[in-house]
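Summary of the model geometry
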Amino acid sequence: MSDKPPVLEAIGISRSYPGVRALRGVDLALHPGEVKALVGENGAGKSTLIRIFGGIEQPSSGIVRLHGTETVLHNAQQSHSAGISIVSQEFRLVPQLTVTENIFLGHEVTRLGLIRPKEAKRRAVELLAELDLELDPSQTVGTLSIGDQQMVEIVRALSRKFDVLIMDEPTAALSGDEVNRLLALVRRLRNRGKAVLYVSHRLDEVFDVSDGIAVFRDGCKVADLPVSQLSEKRLVELMLGREFQPHMSQPVSRRAAADDRPIRLQVKGLTCPRLHEPVSFSARRGEILGLSGPVGCGRTEIMQSVFGMLPSRGEITLDGEPVSNSSPASVISSGIFLLSEDRKSEGILPHLNVLENMVISASQRKRERVAKWVPSPQAETRTYTRLKQDLKIRVDRAQQLIGNLSGGNQQKVLLGRAMLADCGVLLLNEPTRGVDIGAKEEIYHLIKKLARAGVTVLVSTSDTSELVALADRCLVLRAGRVMAELTGADIDEKSILAAALRTKSEEAAS
Amino acid sequence: MTNQLQSAVEDGPSKADVRERRSYLLSFMTGYYLQVTTAVVIVGLSVFVPDFGNRANLQNIATQASFAGLVACGMTLLITAGLFDLSVAGIIAVVGVVTAKVLPATTIGMALLLAIAVGILLGLTNGVVVTKLRIPPFISTFGMLNIYLAVAFIATGGQVIPINSYYFQQLGTATVAGVPLVFIAFFVVAAASYCLLYRTYFGRRLRAIGSSEPAARMAGIPVDRVKILAFGLTGLFTAIAAIGLSALLSSSGGTMAKDMELNAIAITVVGGTALRGGRGTLLGTFTAAIFITVIANALNLLDVSSYVQNIVTGLILIAALIVGSVRKDVVRGAG
Amino acid sequence: MTNSVIKRVAPRWASPTGGRWSVSSAFGAWKLIEDYGVFVPFLLAMVAGTLLVPNFTSPSNVTNVLINGSIIAVIGFGMTFVIALRGLDLSVGSAQGLCACVTAIFISTAGLGFGVLAGIIAGAFIGLVNGALIAYLRVPAFVATLGTMGIVRGAALLATDGGTVDGVNRALGRVTSARLVGLPIPFFIAIVLLGLAYLVFHYTAFGRHICAVGGGPEAARDSGINVQRVTLMTFTLSGFTAGMGGVLLTSQLGLVNGSLGSGVELQVIAVVVLGGTSLTGGTGNVVGTLAAALLLAMISSALNLLNIPSYYQYLAVGVLLIFALSLDSIRRVFLRQMIVGG
């Protein structure tokens with residue numbers, strides 16, 4: 001394979017954001033006719049590298065070589081004309097345009113400056129046929145299912161002239177059959193001499209389709225081996241790095257005798273977007289229930305539906321009382337609070353200071369008269385100082401804007417907000433995303449402390465080690481279905497991964 | 001032990017601290033830049049423009065600044081919450097016309113009460129249209145402007161209704177220790193708005209909504225209710241402006257407050273309130289109202305065509321917008 | 001307005017095999033309402049006007065409706081593009097007024113050709129300034145255009161010194177007074193521009209890019225579209241059509257003044273939204289814009305003929321706008337549910 005010169009090379013690429021080094025001196029080479037898989041946990045730097053190849057971000061240092069010549073990619077246009085085509089993880093489709101229009105967006109099929117709709121449609125049908133898709137090319141993309149949108153995104157990447165195809169988690173929203181068609185396509189592209197960079201969480205696919213596998217961890221490439229030299233077990237070890245935190249290796253705090261505690265949150269027959277079948281579960285007082293599964297499996301949607309952010313059907317009760325999940329405000333008043341995985345746009349209030357951010361949701365039910373309208377600065381400062389110590393928030397002044405804090409400190413402030421809201425159920429989406437190791441430990445500690453105090457905590461995360469560290473019980477989801485429920489000592493990274501990565505034969509058998 | 005560690009962390013001049021101080025300095029500079037400029041302009045004009053500095057003209061400026069300023073106080077609250085109200089000229093017309101119509105038949109007190117009630121009602125209507133019909137505020141209130149103006153015109157048959165009550169006229173012209181009554185009202189409203197925005201739960205919620213509406217929703221803030229209330233308050237402030245204006249003019253009519261929305265928004269933006277929400281400055285609004293009126297007054301004294309004043313207001317607004325957009329980049333670049 | 005024109009409005013929603021709706025029939029029906037919905041009140045107004053309003057069908061009134069509707073429609077085409085881009089242009093009324101004045105002034109000093117050219121160029125320049133403010137200085141569209149609205153109005157008043165300018169020109173006047181097969185020429189201008197706008201919107205990369213920027217700015221950027229340039233061009237186009245509207249106004253009135261065109265921005269926005277273009281951007285319906293403009297002109301003329309004071313027309317426009325916007329927001333909610341449910 002490597003007798004041909006590489007078509008795309010990254011040499012010593014680093015990229016740092018304020019406070020974070022997303023990539024540290026990464027080398028990667030792609031040869032024509034090669035399928036290289038890129039694996040690693042969330043935050044390992046895969047997406048950053050892809051954005052650099054796409055011209056959307058520039059490396060802090062290091063160079064990109066195309067066909068052996070050094071190239072600087074300033075924007076998406078340059079990346080396209082250099083022969084790089086990308087299927088991005090978040091959909092970049094215009095919902096109001098049709099399938100055909102989206103496929104050829106930015107490189108329309110024209111003659112004398114006029115678009116040729118028939119020709120475009122003909123080509124779209126051809127491209128769709130590559131994936132055995134029977135989509136109507138005239139259909140508006142906004143009305144397609146998530147899986148079909150994903151397919152359109154892939155077809156769009158195919159419609160450009162390219163030597164390198166980069167696919168970022170292309171199968172997160174696809175069904176088993178669709179995955180097979182996609183993998184067949186990848187093989188055909190390889191036979192045509194294209195280079196494919198394939199990023200996926202699903203290890204069975206990775207072993208199925210790729211020639212070599214590059215493993216990323218914490219912004220570094222830790223391995224780059226031919227697939228023949230790797231086993232699934234070895235790959236998981238490389239991804240995880242085997243550097244367990246001391247408390248993570250002893251998940252003893254889990255209570256086996258949890259069953260006598262009263263049920264606090266009960267969800268029955270919940271249907272919401274992305275879920276293929278209604279889901280039911282319950283959580284007891286003081287229990288930490290984990291929701292695990294790859295990105296796009298539906299666990300985020302479950303949380304958001306319970307919290308009233310997404311339209312849903314189903315029955316939710318809290319301590320036996322029905323909860324109306326028409327809006328977050330009404331859910332919070334029944335005693336459920338959620339911290340979003342998107343801290344930046346759905347968590348912090350960037351123009352407000354740390355103190356205000358913490359007390360914004362504080363329950364006002366008990367206040368009277370003036371205190372109902374005018375906050376008491378003294379009382380709020382007392383509350384703030386107490387929580388700041390309890391939560392170990394590192395901040396200089398209460399008047400500091402929250403945007404200047406590190407991710408971990410922001411998350412602690414938001415945990416403080418949730419605590420002040422007087423809620424018996426706490427829903428956490430990716431509670432430690434963008435949080436450094438030290439603060440992570442402290443946040444785990446806080447979550448456990450809350451649970452000990454009787455709060456029911458639901459943790460939805462793609463970080464399996466997080467669930468091992470936290471959860472008393474764990475639901476594993478995949479593609480909109482609950483695949484397994486693990487309890488107590490069964491919760492370890494291998495079994496969670498195994499449940500989420502169950503191969504197709506097992507899926508068929510179950 | 002942990003406390004010691006914590007205090008050690010706190011004592012060190014962290015990078016965030018320096019950045020914080022720098023942005024504090026920046027906000028200080030931008031915050032008081034306008035006050036200094038206004039003072040310099042007033043002093044300069046007093047020296048160089050005859051008749052500018054005399055008592056009557058200064059009172060005139062104070063009075064003129066108050067009308068758009070009162071409206072701008074409401075606009076500041078709205079813009080802080082990421083909202084807009086382009087219908088204020090319509091609210092003033094309706095309130096003015098209602099006041100002028102009922103005044104001969106009732107006491108001044110009742111008329112004032114009614115005027116304020118109408119203002120609040122129209123404001124709340126805007127709020128309901130924006131939140132419940134889910135129409136973007138700038139376009140829905142633009143439509144409401146037409147409706148309110150039409151109502152005022154229809155009620156008056158296109159005529160101007162005179163106001164003959166001497167005591168009512170006094171509301172627009174009386175002074176207390178040389179300070180016009182309407183200016184005192186403006187000052188009180190500006191101060192009250194400041195307290196509201198920075199000292200109450202309501203104000204905090206307004207800022208939270210303007211800062212990030214999704215995050216505010218997630219924090220359990222009843223977003224719609226807060227927004228409707230903010231529109232209601234703007235209606236109230238606008239009604240006060242309408243009372244003062246019709247008292248000063250001794251009449252009311254559909255065109256009495258033409259282009260008021262442009263002036264109020266210009267004042268708010270020039271004052272330094274961020275157009276994208278989250279941060280509002282009443283001191284800035286207060287100063288900017290005076291600043292813009294001073295400029296208009298000076299142009300007037302210098303015999304510059306009144307049409308130029310439209311242009312000047314527009315240019316000041318756009319200049320402030322550009323400054324705001326560039327300043328945001330500076331802050332972002334520093335952060 | 002033949003069937004064949006209508007059929008081509010939205011080939012995207014009907015499946016190519018004809019008759020079979022590509023999505024659920026509910027969605028298809030909804031799209032039908034969205035695309036052609038404006039024709040229902042259009043026909044109702046036409047029938048009601050004919051039956052109830054005296055002289056509604058008289059040649060002079062029909063001509064009047066067609067001219068007034070066409071002028072609003074011409075400006076509306078530019079606004080359709082702007083709204084498809086998820087922008088808004090509040091300066092079109094002032095721009096129309098200024099351009100009418102510029103045309104009149106130049107006609108009396110430099111002749112017809114220069115007058116028309118100057119009017120249109122003035123409009124395009126105003127649009128260019130708007131576009132630069134919005135695209136490159138990143139000022140939100142509606143405040144930027146609110147500012148230019150004030151400036152341009154001041155400039156128009158200043159240029160005419162608050163008085164009236166004689167722009168009477170026999171050749172230009174003929175544009176609105178002459179007839180072609182019994183119909184006024186501005187209507188044909190509107191039809192030609194409709195064809196052009198339709199072509200640009202559905203058959204050029206530029207039109208596609210407008211929808212992309214309006215529907216998904218990130219998607220547009222990632223597809224290699226120069227978002228800033230598209231924004232600049234779109235607002236320039238809107239200024240250009242406002243300039244044409246100004247020239248047509250001069251042709252219609254002869255005598256012009258600086259306060260012409262005030263309130264037109266509201267009418268134009270109302271017309272565009274009523275025509276089926278959503279404020280959420282990403283779509284545009286130029287045919288609907290023309291139909292809605294004629295609808296508005298019919299309503300105005302009916303109110304006129306019935307001797308209803310002109311203030312009621314304000315009311316009508318305001319109510320119409322809020323109504324159209326409510327429909328638009330219902331449509332948004334509906335679409336969201338469609339997408340979530342599907």
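The notes below deal with the structure included here. Predicted, not measured: the structure shown is a model, and the values here were computed from it.

Focus on the overall build of chain B
If you tally the helices and strands in chain B, you get 14 helices and 4 strands. Here chain B, with 335 residues, has 54% of them falling under the buried criterion. The long-range fraction of contacts in chain B, counting pairs at least 24 apart against all pairs at least 6 apart in sequence, stands at 78%. For chain B, the accessible surface area stands at approximately 13800 Å², while carbon and sulfur atoms represent 67% of it.

Some details on the pattern of salt bridges
Enumeration according to the criterion identifies 29 salt bridges over all chains in this entry. Close ionic contact of Glu101(A) with Arg208(C) constitutes a salt bridge, the shortest N to O distance being 3.5 Å. Taken as a pair, Glu101(A) in helix α3 (residues 99–103) and Arg208(C) in helix α10 (residues 205–215) lie in two separate chains rather than in one. Here Glu101(A) matches Arg208(C) in class, with each residue buried. Because the salt bridges share partners, they merge into one network encompassing Glu34(A), Lys36(A), Lys221(A) and Asp224(A).

Considerations on helix α14 (residues 377–391) of chain A
Residues and elements named next belong to chain A. Between the first and last C-alpha of α14 there are 20 Å, a value that for 15 residues agrees with the 21 Å anticipated at 1.5 Å per step. Along α14, the residues that are buried comprise Glu-380, Thr-383, Tyr-384, Leu-387, Lys-388 and Leu-391. Relative to the axis of α14, the buried residues are bounded by an arc of 135° and lie together on one face. α14 presents Gln-378 and Arg-382 as exposed residues on the side facing more than 90 degrees away from its buried surface. Count one or two residues on from α14 and you reach Lys-392, which has phi positive near 55°.

What about the packing of aromatic side chains?
Counted by the stated rule, this structure contains 14 aromatic pairs over all chains. Each ring, one from Phe153(B) and one from Tyr311(C), has its centre 5.5 Å from the other, and the planes form 15°; the classification is stacked. A residue pair is termed interchain when its members come from two chains, as with Phe153(B) in helix α6 (residues 137–156) and Tyr311(C) in helix α15 (residues 311–341). Look at Phe153(B) and you get buried, because its relative accessible area is 14%. What makes Tyr311(C) buried here is its relative accessible area of 17%. Taking 6.1 Å as the distance between ring centres and 75° as the angle between the ring planes, the aromatic pair formed by Phe183(B) and Phe186(B) counts as edge-to-face.

Quick word on the nonpolar core
Judged by nonpolar contacts, the single largest core of 213 residues is most densely connected at Ile139(B), Met260(B), Ile265(B), Leu88(C), Leu90(C) and Ile269(C). Among the elements that line this core, the one with the most residues is helix α4 (residues 59–84) of chain C, at 14 residues. Those residues in contact with Leu90(C) that sit more than four places away from it in its chain are Leu86(B), Phe142(B), Phe142(C), Thr145(C), Leu146(C), Met149(C), Glu265(C) and Ile269(C). If you look at the next biggest cluster of nonpolar residues, it comprises 78 residues, including Val306(A), Ile332(A), Val457(A) and Val468(A).

Points about the environment of Leu283(B)
Residues and elements named next belong to chain B. Examined against the element boundaries, Leu-283 turns out to sit in helix α13 (residues 282–301). Of the residues examined, Leu-283 reaches a relative accessible area of 44% and is grouped as partly exposed. Linking Leu-283 and Ser-325, residues 42 residues apart in sequence, is a C-alpha distance of 20 Å.

With respect to the interface of chain B and chain C
Tallying the contact residues gives 39 residues for chain B and 40 residues for chain C. Buried area between chain B and chain C, both sides added, is near 3500 Å², and the carbon and sulfur share of it is 80%. Ranking the residues of chain B by area buried against chain C places Phe142(B), Asn146(B) and Tyr307(B) at the top, with a combined share of 17%. At the junction of chain B and chain C, the tally comes to 0 salt bridges.

Structural notes on the packing of helix α4 (residues 88–102) of chain B against helix α5 (residues 108–132) of chain B
All names here are of chain B. Look at α4 against α5: their axes get within 9 Å of each other, and the N-to-C directions meet at 155°. Overall, the two elements α4 and α5 adopt an arrangement that is roughly antiparallel. Of the two elements, α4 crosses α5, and the hand of that crossing is right-handed. Along its contact with α4, which presents Ile-91, Val-94, Val-95, Val-98, Thr-99 and Val-102, the element α5 presents Ala-111, Leu-114, Ala-115, Val-118, Gly-119, Leu-122, Gly-123 and Asn-126.

What to know about the pairing of strand β4 (residues 61–66) of chain A
Regular strands place their side chains on alternate faces of the sheet. Residues and elements named next belong to chain A. Sheet analysis places strand β1 (residues 8–17) next to β4, joined by 5 bridges and oriented antiparallel. Bridged to Ser-14 within β4 is Ser-61. Between β4 and the antiparallel strand that follows it, strand β5 (residues 69–71), lie 2 residues; His-67 among them carries a positive phi value of about 50°.

Looking at the environment of Phe187(B)
Residue and element names in this part refer to chain B. With respect to the helices and strands, Phe-187 occurs in helix α8 (residues 181–199). Since its relative accessible area comes to 49%, Phe-187 is described here as partly exposed. When the C-alpha atoms of Phe-187 and Phe-286 are compared, they prove to be 7.7 Å apart, with 99 residues separating the residues in sequence.

Some remarks on the interface of chain B and chain A
Taken together, the contact between chain B and chain A spans 31 residues of the former and 43 residues of the latter. When chain B packs against chain A, close to 2900 Å² is buried across both sides, 53% of that on carbon and sulfur atoms. Viewed at the interface, chain A and chain B are joined by 3 salt bridges. Close ionic contact of Glu380(A) with Arg204(B) constitutes a salt bridge, the shortest N to O distance being 2.7 Å. At the junction of chain B and chain A, the tally comes to 7 residue pairs in polar contact (both at pLDDT 80 or more). Listing elements by their share of the side of chain B that touches chain A, those giving two or more residues are α1 (2–11), α2 (15–48), α9 (201–211) and α10 (213–218) of chain B. Considering each element in turn, the side of chain B that touches chain A owes the most residues, 6 residues, to α9(B). Considered class by class, the residues forming the side of chain B that touches chain A number 10 nonpolar, 11 polar and 10 charged.

Observations regarding the side chain of Ser200(A)
All names here are of chain A. Along the chain, Ser-200 turns up in the loop between β10 (195–199) and α7 (203–209). For Ser-200, a relative accessible area of 2% puts it in the buried group. Polar side-chain contacts of Ser-200 include one of 3.2 Å to the side chain of Glu-205. Residue contacts for Ser-200: discarding those within four places in its chain leaves Leu-38, Val-39, Glu-169, Thr-171, Glu-205 and Val-206.

Here's the deal with the sheet that holds strand β17 (residues 321–322) of chain A
All names here are of chain A. Within the open sheet, the 4 strands sit side by side as β14-β13-β16-β17. Their pairing is antiparallel. Of all the strands in the sheet, just β14 (279–284) and β17 have a single pairing partner and so form its edges. Relative to β17, strand β16 (residues 313–318) runs antiparallel, the two sharing 2 bridges. Paired with Thr-317 across the two strands is Pro-322, which belongs to β17.

Some remarks on unusual backbone geometry
Residues and elements named next belong to chain A. At Asp-218, a residue that is not glycine, the phi angle is positive and equals roughly 50°. Here Asp-218 shows up in the loop between β11 (212–217) and β12 (220–226). Classification of Asp-218 as partly exposed rests on a relative accessible area of 47%. One non-glycine residue with positive phi stands out, namely Asp-422, at about 60°. The exposure class of Asp-422 is partly exposed, given its relative accessible area of 45%.

Analysis parameters
Residues numbered from 1 in each chain as written. Chains lettered and ligands numbered in written order. Predicted model: local features only at pLDDT ≥ 70, side-chain atom pairs only at ≥ 80, totals over all residues. Heavy atoms only, no water. Helix = DSSP H or I, 4+ residues; strand = E, 2+ residues; numbered from the N terminus. Buried < 20%, exposed > 50% of the residue type's maximum accessible area, 1.4 Å probe, protein only. Contact = heavy atoms within 4.5 Å. Areas by Shrake-Rupley, 256 points an atom, 1.4 Å probe, with all protein chains shown as cover. Salt bridge = Lys/Arg side-chain N within 4 Å of Asp/Glu carboxyl O. Expected span 1.5 Å × (residues − 1). Arc of directions from axis to C-beta. Phe/Tyr/Trp six-rings, centres within 6.5 Å; stacked < 30°, edge-to-face > 60°. Core = buried A, V, L, I, M, F, W, Y, C linked by side-chain atoms within 4.5 Å. Buried area = accessible area lost by both parts, 1.4 Å probe. Axes fitted to C-alpha atoms, helices over the stretch in contact; angles between N-to-C directions. Parallel < 35°, antiparallel > 145°, perpendicular 65-115°, else oblique. Left-handed = near helix turned anticlockwise from the far one by under 90°. Pairing = 2+ DSSP bridges. Polar contact = N/O pair within 3.5 Å; in protein donor to acceptor, adjacent residues only side chain to side chain. Nonpolar A, V, L, I, M, F, W, Y, C, P; charged D, E, K, R; others polar.

Purely geometric numbers; function is a separate question.
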